[in-house]
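Topology and contacts: notes
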Amino acid sequence: MLAARSAALAVAAGACLGPRPSAIEYGRAACDQCHMTITEPRLAAQLVTRTGKVFVFDEPGCLAGFLASGRVPPDKVHSLWVNDFLEPDSLLDATRAAYLRVEGINTPMGSHVIATRPGPRADSLRTALGGHALDWDQVRALPHGG
């Protein structure tokens, strides 16, 4: 009885969360923008629609390019996510993440854009790698491959 109640609570709690990102199958999943196989967890990104459909990307530049394509209308987008370059298992709200464009970092479609948490860690990463700090609007304004 207790196990059944716990399971019911877990299902109900999951339903209350609404649409959310999913685990990416690295080495198997294809980027929904450029169609390359997603292999680098430090660069991955996701778009979640209001209905819960998840689109996956091999880098923030592909997420931005996909948004620019209009394949998912803005009013159908629930959330945008990027993996933290320093902690790839950690998802960040793409609209609030700190970005760094570093020519010395190769990304699948050549945007050279990485994401991390804003604040001292982002500042330290910029000091270590060089490059230019960007916000999400600036990432979206870059030319997009794919």
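Residues numbered from 1 in each chain as written. Predicted model: local features only at pLDDT ≥ 70, side-chain atom pairs only at ≥ 80, totals over all residues. Heavy atoms only, no water.

What to know about the overall build of the protein
So the rule is basically this: Counting from the N terminus, the helices are DSSP H or I runs at least four residues long and the strands are E runs at least two residues long. Exposure classes here rest on a 1.4 Å probe applied to the protein chains alone. A residue is buried below 20% of its type maximum, exposed above 50%, and partly exposed in between. A contact between two residues is defined here by any heavy atoms of the two lying within 4.5 Å. Per-residue and other accessible areas follow the Shrake-Rupley method at a 1.4 Å probe size, with only the shown protein chains counted as cover for residues.
Of regular secondary structure, the protein possesses four helices and seven strands. Along the chain direction, N to C, the helices and strands of the protein fall in the order α-β-β-α-β-β-β-β-α-β-α. By residue count, 39% of the 146 residues in the protein fall in the buried class. Contacts spanning at least 24 positions in sequence make up 54% of the contacts within the protein whose residues lie at least 6 apart. For the protein, the exposed area adds up to about 8100 Å²; of that, 56% sits on carbon and sulfur atoms.

Focus: the pattern of salt bridges
Stated precisely, the cut-off is as follows: Salt bridge, as applied in this entry: a Lys or Arg side-chain nitrogen positioned within 4 Å of an Asp or Glu carboxyl oxygen.
Enumeration according to the criterion identifies seven salt bridges in this entry. Here Glu 40 and Arg 42 are joined by a salt bridge, their closest N and O atoms 3.1 Å apart. Classification of Glu 40 by relative accessible area gives partly exposed; the value is 26%. Residue Arg 42 is classed as partly exposed on the basis of its relative accessible area of 35%. Here the salt bridges share partners, and the residues they tie into one network are Asp 84, Glu 87, Arg 117 and Arg 121.

Some details on the sheet that holds strand 4 (residues 91–93)
How we decide: Here, a strand pair is defined by DSSP locating no fewer than two bridges between the strands. Interaxial angle, 0 to 180 degrees, is taken between N-to-C directions of lines fitted to C-alpha atoms, where a helix line uses only the stretch in contact.
With antiparallel pairing, four strands are arranged side by side in an open sheet as 2-1-3-4. The open sheet is flanked by strand 2 (54–57) and strand 4, the only strands paired with a single partner. Within the sheet, the average angular offset between the axes of one strand and its neighbour, ignoring direction, is 25 degrees.

As for the packing of aromatic side chains
Convention followed: A pair of aromatic rings is counted whenever rings of Phe, Tyr or Trp (Trp by its six-membered ring) have centres within 6.5 Å, and the orientation is called stacked for planes under 30 degrees apart, edge-to-face for over 60 and tilted otherwise.
Counted under the stated rule, the structure contains three aromatic pairs. Judged by centre distance (5.1 Å) and plane angle (55 degrees), the ring pair of Phe 57 and Phe 66 falls under tilted. Side by side, Phe 57 and Phe 66 carry an identical accessibility label, which is buried. For the pair Tyr 99 and Trp 136, a centre-to-centre distance of 5.7 Å together with 35 degrees between the ring planes defines the contact as tilted. With a gap of 37 residues between them, Tyr 99 in strand 5 (residues 98–101) and Trp 136 in helix 4 (residues 136–141) connect regions that are remote in the sequence.

Regarding the nonpolar core
As a reminder of what qualifies: In these notes, a set of buried Ala, Val, Leu, Ile, Met, Phe, Trp, Tyr and Cys residues joined through side-chain atoms within 4.5 Å is what counts as a nonpolar core.
Core analysis: the largest hydrophobic core is formed by 30 residues, its most contacted members being Leu 47, Phe 57, Leu 63, Leu 80, Val 82, Tyr 99 and Trp 136. Elements represented by at least two residues in this core include exactly strand 1 (45–49), strand 2, helix 2 (60–69), strand 3 (77–83), strand 6 (113–116) and helix 4. Per element, the largest residue contribution to this core is five residues, and it comes from helix 2. In this structure Phe 57 touches Cys 31, Asp 32, Gln 33, Ile 38, Ala 44, Ala 45, Gln 46, Leu 47, Cys 62, Leu 63 and Phe 66, once residues within four positions along its chain are discounted. The next biggest cluster of nonpolar side chains, apart from the first, holds seven residues, and it includes Leu 43, Val 102, Ile 114 and Leu 125.

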